[in-house]
Amino acid sequence: MTTPVEIEHLYKSYDRGGVKFWSRTEAKPVLEDISLRVGEREILGLVGESGCGKTTLAKVVLGLEKYQSGSVKVNGLELKELTKAGFKKLRRQVQVVFQDPYSSLDPRQTVRQILCEPWDIHALYADGAQRENALRELVRAVGLDAAHLNRYPHEFSGGQRQRIAIARALALEPKLLVADEPVSALDVSVQAQILNLLKDISRRRALSMLFISHDFAVARFLCDRIAVMYRGRVLETAPAEELLHNPQHPYTEALLSAVPVPDPQLQKKREPVETKTQRKRGSCPCPYAARCRYYQAAQCRVPLELKQTQEGHFCACAVLPFQKEKSLYAV
Amino acid sequence: MNAREDILLSVEDLRVSFRSEEGKTEVLHGLSYRLPKGKVLAVVGESGCGKTVHALSLLNLLPSGGEIAAGHVYYQGKDVLSLPPQELRRLRGAEIAMIFQDPMTSLNPIRTVGSQITETILAHTDCTKLQARARAMRLLKQVGIENPRKRMDEYPFQFSGGQRQRIMIAMALCLTPGLLIADEPTTALDVTIQAQILKLIKNLQQKNHMSAVFITHNLAIVADIADEVLVLYGGYCVEEARADELFAKPLHPYTQGLLHSLVSLKRKEEHLPAIEGYPPAPGTPKEGCPFAPRCPRAWDKCHDRLPPLFEKNGRRVRCWLQEKDDNSGRN
């Protein structure tokens, strides 16, 4: 069995364009020294603020963005070495669900056309009756019915559209699903339906998933493991439950403290950790140093490195993981 | 209830309809509430339930095609909807300020941030340009924008999303309004920035004794900031209660469903108790309770007749269960 995703020491920066001669500074990397692994049937959550590079990382895994150095293996294939034909083959195994179901479905195609397009491209289910059966099964799997097949996306609500997008991603029976904030554009009552659906489907179809979210509660519900990203780096990874019970990186703690809880009494007692810029980062290698409340000039100078602090728990902080006290914001 | 003079805003039987090719559709069916001075009311509901339309009609700002078919909005005893345009203009901005949902589109991209804030101050007070500028700078500092002297002369694109939203807030608060209407002010923001902005609004609200109508779909934010809660569904108020009472014991099945379907940070769940079905599209003609098609406890009567707002112990609930059995409001 091959590992669905294996990333080692990945670096990526965007070319700024313009005349090379004049730009003295190197392009700033948007992904820096990232090593991650998504195992067989595992759901890995990527959590972080906007602009931290979660979506860029997903695009790299999908082969939609190039990268400068490091290795990204999807189903055992190194993406850098893949030819066009190789990519087409890989796409049968890796599919994606985007955040906004209003812009990710072609408004001029019926649901039938949307769902059949992947099959046309990969020459599957050429036989009419067979295809009809497969279609019916597919829409049933995502909780829609066959009557919906001849309608256009605008006739559906946000939740139903996201179901269509999920059906499209499942059409080729992929092994890996990349889901980029698939529920953040949905209403609360519908969000729960889609989360349940994603969980059921990933189990029933033995899917692996790279799940991007900015919401810890959502990530906890769905993910086996969570990686916390900040400014293009992974600062902490741990099994989902462990991360929430025992957050070790100051940034993870700050993020957790900012999540409001739907309980007036409890919420009044919670005080978010101050995360304003407090000092110049200088030559400190830690990207969070400028906002960190545990900053210690001497200790924070060592190169950033994910160190194992407990079984399966990795944290890239030079100060905090060695403190024994439990975080106030652990759940 | 409070004495008459303590009521800052009172809305009576507000009905809003939109004209379309098929004729008129009513989207808000008679909304009534009172907001005491210094309190925060949260209006909760899913997309299409009429919460934004309600906010816009408070200041008579409905887009073309929309009209207030009936009802009154009283601010400090004055009927806002029948004010002559000049007086209405004086009220907007100075007395009642509004923050819109999208900070990316509500600032003018070709004017400096400073000029946009001072414009409001100059329009409503008779201070000099220099005084207005000083005041604007103080405000920017207050909402946490560093180096305001320099940033006053920058354009919106030079600010991040969270900063732009804070500029909107500074603009709304520049004349210390008596009432702030905030339409999903933090939906587009990260949790850390959201926590900062909520804290800022709470501080200002306590310091200036300001009232606020807070429109949101996020119940966790409601728990954080609201004194009173109004739950809207399909253009009807379905439940109204004090925030702590609502969270302790929601009476309407929709409110119960909403609270249950929230993904919790506090416990790991296997399956989320989602509300089945989708919210109704605005203007869907129907008889009976708008929530009946999705309600797990609906019976014949719910589908035939619209329940009135039952009033009990200072709470209001639009549900036949209240009439059927006093003890049926299980949590």
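Source: prediction; values computed, not measured.

Draft legend 1. View of the overall build of chain A. Along chain A, the regular secondary structure elements total 10 helices and 12 strands. In terms of C-alpha radius of gyration, chain A reaches 22 Å, essentially the compact-globule figure of 20 Å for 331 residues. Dimensions along the principal axes, computed over C-alpha positions, put chain A at roughly 70 × 60 × 40 Å. The proportion of buried residues among the 331 residues of chain A is 55%. Counted over contacts in chain A with a minimum sequence separation of 6, partners at least 24 positions apart contribute 66%. As displayed, chain A has an accessible area near 15700 Å², and 50% of this comes from carbon and sulfur atoms. For chain A, the centre of its 48 positive side-chain charges and the centre of its 38 negative side-chain charges are spaced 3 Å apart.

Draft legend 2. Representation of the overall build of chain B in the model. Of regular secondary structure, chain B possesses 12 helices and 12 strands. Here chain B has a C-alpha radius of gyration of 21 Å; the compact-globule value for 331 residues is 20 Å, and the two agree. If you line up chain B on its principal axes, its C-alpha atoms span 65 × 50 × 45 Å. The proportion of buried residues among the 331 residues of chain B is 55%. Once local pairs closer than 6 in sequence are excluded, the contacts in chain B between residues at least 24 apart make up 64%. Positive and negative charge centroids in chain B, built from 42 and 38 side chains respectively, lie 6 Å apart.

Draft legend 3. Fine view of the sheet that holds strand β4 (residues 66–75) of chain B. All names here are of chain B. One open sheet holds the four strands; their spatial order is β2-β1-β4-β5, and the pairing between them is antiparallel. The open sheet has two edge strands with one neighbour each: β2 (23–36) and β5 (78–79). With eight bridges connecting them, strand β1 (residues 7–20) and β4 associate as antiparallel partners. From the neighbouring strand, Phe-18 faces β4, where its bridge partner is Gly-66. Sitting on the sheet, helix α1 (residues 51–58) touches β1, β2 and β4, and the angle it makes with β1 is about 115 degrees.

Draft legend 4. Structural detail: helix α10 (residues 253–261) of chain B. With respect to burial, α10(B) is a largely interior element, eight of its nine residues being buried. Within α10(B) the residues assigned to the buried category are B:Pro253, B:Tyr254, B:Thr255, B:Gln256, B:Gly257, B:Leu258, B:Leu259 and B:Ser261.

Draft legend 5. Representation of the environment of A:Ile43 within the structure. Residues and elements named next belong to chain A. Take Ile-43: it is sitting in strand β3 (residues 43–47). For the pair formed by Ile-43 and Ser-208, sequence separation is 165 residues and the distance between their alpha carbons is 5.6 Å. When residues no more than four places from it in sequence are discounted, the contact partners of Ile-43 are Ser-202, Met-209, Phe-211, Leu-222, Cys-223, Asp-224 and Arg-225.

Draft legend 6. Summary view of the sheet that holds strand β1 (residues 5–13) of chain A. Residue and element names in this part refer to chain A. Pairing is antiparallel across the open sheet formed by four strands, whose spatial order is β2-β1-β4-β5. Of all strands in the sheet, those bounded by a partner on one side alone are β2 (29–38) and β5 (77–78). Looking at chain direction, strand β4 (residues 69–74) and β5 are connected through two bridges and run antiparallel. When the bridges of β5 are listed, Lys-73 appears paired with Glu-78.

Draft legend 7. Structural detail: the state of the cysteines. With the rule as written, the count across this model stands at zero disulfides over all chains. Cysteine B:Cys289 remains unbridged, with the sulfur of B:Cys302 as its closest cysteine sulfur at 6.2 Å.

Draft legend 8. The interface of chain B and chain A, seen in detail. In this complex, chain B contributes 38 residues to the contact, which on the side of chain A involves 47 residues. Taking both partners together, chain B and chain A bury about 3800 Å²; carbon and sulfur atoms supply 58% of that area. Of all residues in chain B, the largest losses of buried area upon contact with chain A belong to B:Leu265, B:Lys268 and B:Tyr278, amounting jointly to 21% of the total for that side. For the pair chain B and chain A, the number of links is two salt bridges. A:Lys199 is paired through a salt bridge with B:Glu270; the nearest N and O atoms lie 3.9 Å apart. On inspection of chain B and its partner chain A, the count reaches 13 residue pairs in polar contact (both at pLDDT 80 or more). Of all elements in the fold, only α7 (191–208), α8 (219–225), α9 (243–248) and α10 of chain B reach the threshold of two or more residues within the side of chain B that touches chain A. Counting residues per element, the side of chain B that touches chain A draws most heavily on α7(B), which supplies six residues.

Draft legend 9. Expanded view of helix α4 (residues 128–141) of chain A. Residue and element names in this part refer to chain A. The end-to-end C-alpha separation of α4 is 20 Å, in line with the 20 Å expected for 14 residues at 1.5 Å each. Taken together, the buried positions of α4 are Arg-131, Ala-134, Leu-135, Leu-138, Val-139 and Ala-141. Along α4, the residues classed as buried sweep out an arc of 150 degrees about the axis, all on the same side. For α4, the exposed residues lying more than 90 degrees away from the buried face are Ala-129, Asn-133, Glu-137 and Arg-140. After α4 finishes, the residue Gly-143 shows a positive phi value of roughly 85 degrees.

Draft legend 10. Region of the structure containing the domain arrangement of chain B. All names here are of chain B. Each domain of chain B was delimited in the assignment, giving domain 1 (7–95 + 175–330) and domain 2 (104–174). Just the C-alpha atoms count here: the centres of domain 1 and domain 2 sit 30 Å apart. Taken together, the contacts link 19 residues of domain 1 with 15 residues of domain 2. In this assembly, domain 1 and domain 2 are joined by zero salt bridges. Counting across the domain 1 and domain 2 interface gives five residue pairs in polar contact (both at pLDDT 80 or more). Broken down by secondary-structure element, the contributors of at least two residues to the side of domain 1 that touches domain 2 are α2 (85–94) and α7. When residues of the side of domain 1 that touches domain 2 are assigned to their parent elements, the largest contribution, seven residues, is made by α7.

Draft legend 11. Quick look at the side chain of B:Arg316. Residue and element names in this part refer to chain B. Here Arg-316 shows up in strand β12 (residues 315–317). Separated by 2.7 Å, the side chain of Arg-316 and the backbone oxygen of Ser-32 make a polar contact. Among the polar contacts listed, one links the side chain of Arg-316 to the side chain of Glu-240, at a separation of 2.4 Å. Dropping the residues within four chain positions of it, Arg-316 is found in contact with Ser-32, Tyr-33, Val-238, Glu-239, Glu-240, Leu-309, Phe-310 and Glu-311.

What counts, and at which threshold
Residues numbered from 1 in each chain as written. Chains lettered and ligands numbered in written order. Predicted model: local features only at pLDDT ≥ 70, side-chain atom pairs only at ≥ 80, totals over all residues. Heavy atoms only, no water. Helix = DSSP H or I, 4+ residues; strand = E, 2+ residues; numbered from the N terminus. Rg over C-alpha atoms; globule rule 2.2 N^0.38 Å. Buried < 20%, exposed > 50% of the residue type's maximum accessible area, 1.4 Å probe, protein only. Contact = heavy atoms within 4.5 Å. Areas by Shrake-Rupley, 256 points an atom, 1.4 Å probe, with all protein chains shown as cover. Lys, Arg positive; Asp, Glu negative; His and termini not counted. Charge placed at Lys NZ, Arg CZ, Asp CG, Glu CD. Pairing = 2+ DSSP bridges. Axes fitted to C-alpha atoms, helices over the stretch in contact; angles between N-to-C directions. Disulfide = S-S within 2.5 Å. Buried area = accessible area lost by both parts, 1.4 Å probe. Salt bridge = Lys/Arg side-chain N within 4 Å of Asp/Glu carboxyl O. Polar contact = N/O pair within 3.5 Å; in protein donor to acceptor, adjacent residues only side chain to side chain. Expected span 1.5 Å × (residues − 1). Arc of directions from axis to C-beta. Domains from an automatic or database assignment.

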